[in-house]
Amino acid sequence: MPLTSTTFTCTADPAEAREWVAPLVSREPMWLSVTASNIEALVGDPSRCENPRWWVGRDEHGGAVAAFMHTPPHPLHVGLATAEQACNLAGLLLSEPGSLPGVGGIRIAAEAFAAEWAPSRDLAVQTQMELGVYDLPVRPRLRFAVPGRYRRATVDDLGVTDGWARDFHAAVEATGAAPSTGRYIDAGRVGLWEDESGQPVSMAYASVASGGVTRVSGVWTPPERRGHGYASGVVAALSAERMDDGEQCMLYTDLANPTSNGIYQALGYRRIGDSITLAFQ
C-alpha cells in the first residue's frame, strides 16, 4: 500500500526516540504510556533489548502524528496510529527483510497492520490477548473494609516482589523475561498490602509518569490469598498515592478476566478503549 500524507522516520537510539515521541506523549499520554516507559527503561539500560526500533509518522508539516516500536522478542507495538497509518507502515516494512512475531496496541490499528502484513507473508493471525484500557477520572473508592494495611515496598521486599512479578508475567503469558521490581522500589512506586499479621499478601507497582500519566501494573495476589479484597486495597491505595503526587492513573486488564475488570471499575476506573495482541503464525 503506498504512503499517503504520512511519512515515517526510524531510529534505533532510545534517546532520539524519546525526543521524537515527546510531542505525542504530551498530547496523548494514556496511549503512549507503554511506548514512553519502554523508551525510558532503554535510555537507562540499553542492554535490556537487542535491536530495538521506533518509527514516528509525520504529517506534511513534519509534525509527529503516529508512533510504533519494536523491542524484540515482543511484538511490534502500535503506540498511536490510525488504521491507515498502520497499513502504511506495514507496507513500508514489507519491502524490508526481516520478520515480526506479531503486533499489538490500539485495536483498530493493530488489526489493520495485521491485515496488511499477514497475507503478504502467507501467515495466519491469532489473537493472543484482548485488553481493556482504563483511566481513573475520580479518586479511587474502596467500597468495603479490607483487613490489613498498605505500605510502600522497600529493598528488603525485593525477593517477594520479584517472585510475584515472575508469577504475574507467567500468568499473563508475556514474552521475554519478567522485569525486576528493583527500579520501581528505588523510585518508591511499589505498593504492598499486608494482612493483619504483617505478612505481604498483594502487590502492585506504578510506572514512572510520562506526560503526567502513570500506569498501574503487576497487580498480583498469590492464589491462596485471594478472595479477601487485597488486590482492591493495594490498587486503591497505590492509585491514591500517585494521584496525591499529581499523576493521572491508568491500567490495562485482560478482558477475559471479569474479576479484575470488576475490581477496577468498582474502584472508579473507567474503560476508555481496547488494546489487542495478535501473533503471526
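Residues numbered from 1 in each chain as written. Predicted model: local features only at pLDDT ≥ 70, side-chain atom pairs only at ≥ 80, totals over all residues. Heavy atoms only, no water.

(A) Local environment of the overall build of the protein. In terms of helices and strands, the protein carries eight helices and 12 strands. Its C-alpha atoms give the protein a radius of gyration of 19 Å, within 12% of the compact-globule value 19 Å for 281 residues. Across its three principal axes, the protein shows a C-alpha extent of roughly 60 × 35 × 35 Å. Counting the 281 residues in the protein, one finds 52% classified as buried. Sequence-distant contacts in the protein: of pairs separated by 6 or more residues, those separated by 24 or more amount to 69%. (Helix = DSSP H or I, 4+ residues; strand = E, 2+ residues; numbered from the N terminus. Rg over C-alpha atoms; globule rule 2.2 N^0.38 Å. Buried < 20%, exposed > 50% of the residue type's maximum accessible area, 1.4 Å probe, protein only. Contact = heavy atoms within 4.5 Å.)

(B) Main features of the sheet that holds strand β11 (residues 248–254). Strand order in this open sheet of 12 strands is β1-β2-β3-β4-β5-β12-β6-β11-β10-β9-β8-β7, and the pairing throughout is mixed. What marks the edges here is a single partner per strand, and that holds for β1 (7–11) and β7 (149–152). This sheet shows a mean twist of 25° between the axes of neighbouring strands, independent of strand direction. Direction of pairing for strand β5 (residues 102–106) relative to strand β12 (residues 270–280): antiparallel, over a ladder of five bridges. Within the sheet, the bridge partner assigned to Gly105 lies in β12 and is Ile276. Packing against the sheet, helix α1 (residues 14–27) makes contact with β1, β2 (53–58), β3 (64–70) and β4 (76–80), and its axis sits at approximately 130° to β3. Packing of helix α5 (residues 158–171) onto the sheet brings it into contact with β8 (190–194), β9 (200–206) and β10 (213–220), and relative to β10 it is tilted by some 90°. (Pairing = 2+ DSSP bridges. Axes fitted to C-alpha atoms, helices over the stretch in contact; angles between N-to-C directions.)

(C) Inspection of empty space enclosed by the protein at higher detail. Scanning the model with the defined rule gives one cavity of 30 Å³ or more in all. Size it by volume and the largest cavity reaches roughly 30 Å³. Lining the largest cavity, in full, are Trp31, His77, Val78, Gly79, Gly105, Ile106, Tyr252 and Ser275. Among the elements of the structure, β4 and β5 are those that each provide at least two residues to the lining of the largest cavity. Per element, the largest residue contribution to the lining of the largest cavity is three residues, and it comes from β4. Within the lining of the largest cavity, the residues separate by chemical class into four nonpolar, four polar and no charged. (1 Å grid on protein atoms, 1.4 Å probe; cavity = no way out; pocket = protein on both sides within 12 Å on 5 of 7 lines; lining within 4 Å. Points joined across faces, edges and corners; volume = space filled by probe spheres on them. Nonpolar A, V, L, I, M, F, W, Y, C, P; charged D, E, K, R; others polar.)

(D) Region of interest: the nonpolar core. Judged by nonpolar contacts, the single largest core of 49 residues is most densely connected at Phe68, Leu76, Val78, Val103, Phe113 and Phe280. For this core, the leading source of residues is helix α4 (residues 107–120), giving seven residues. Residues within four places of Val103 in sequence aside, it is in contact with Pro75, Leu76, Val78, Ala110, Phe113, Ala114, Ile276, Thr277, Leu278 and Phe280. Among the nonpolar cores identified, the runner-up in size contains 22 residues, and Tyr230, Leu251, Tyr264 and Tyr269 belong to it. (Core = buried A, V, L, I, M, F, W, Y, C linked by side-chain atoms within 4.5 Å.)

(E) Here's a closer look at the packing of aromatic side chains. Counted according to the given criterion, the structure contains five aromatic pairs. Note on Trp117 and Phe280: the rings are 6.3 Å apart at their centroids and 20° apart in plane angle, and the pair reads as stacked. Of the two residues, Trp117 sits in helix α4 while Phe280 sits in strand β12, which places them 163 residues apart along the sequence. Of the two residues examined, Trp117 and Phe280, each falls in the buried class. Consider the rings of Tyr264 and Tyr269, whose centres lie 6.2 Å apart with planes at 70°: the pair is edge-to-face. Here the two residues Tyr264 and Tyr269 agree in accessibility, since each one is buried. Three or more aromatic residues link up through ring pairs in this structure, and these residues are Phe113, Trp117 and Phe280. Its end group placed over the ring of Trp20, Arg58 keeps NZ or CZ at 5.5 Å from the ring centre. (Phe/Tyr/Trp six-rings, centres within 6.5 Å; stacked < 30°, edge-to-face > 60°. Lys NZ or Arg CZ within 6 Å of the ring centre and 35° of its normal.)

(F) Fine view of helix α7 (residues 230–244). An ideal rise of 1.5 Å per residue puts 21 Å on 15 residues; α7 measures up with 21 Å between its terminal C-alpha atoms. Taken across its 15 residues, α7 has 13 buried, putting it largely inside the fold. (Expected span 1.5 Å × (residues − 1).)

(G) Representation of the pattern of salt bridges. Tallying each qualifying case throughout the model produces 16 salt bridges. The closest approach of N and O atoms between Asp135 and Arg270, which form a salt bridge, is 2.8 Å. Of this pair, Asp135 sits in strand β6 (residues 125–135) while Arg270 sits in strand β12, placing them 135 residues apart in sequence. Taking the shortest distance from any N to any O, the salt bridge between Arg139 and Asp244 comes out at 3.0 Å. Residue Arg139 is found in the loop between β6 and β7, and its partner Asp244 is found in helix α7; the two are separated by 105 residues along the sequence. (Salt bridge = Lys/Arg side-chain N within 4 Å of Asp/Glu carboxyl O.)

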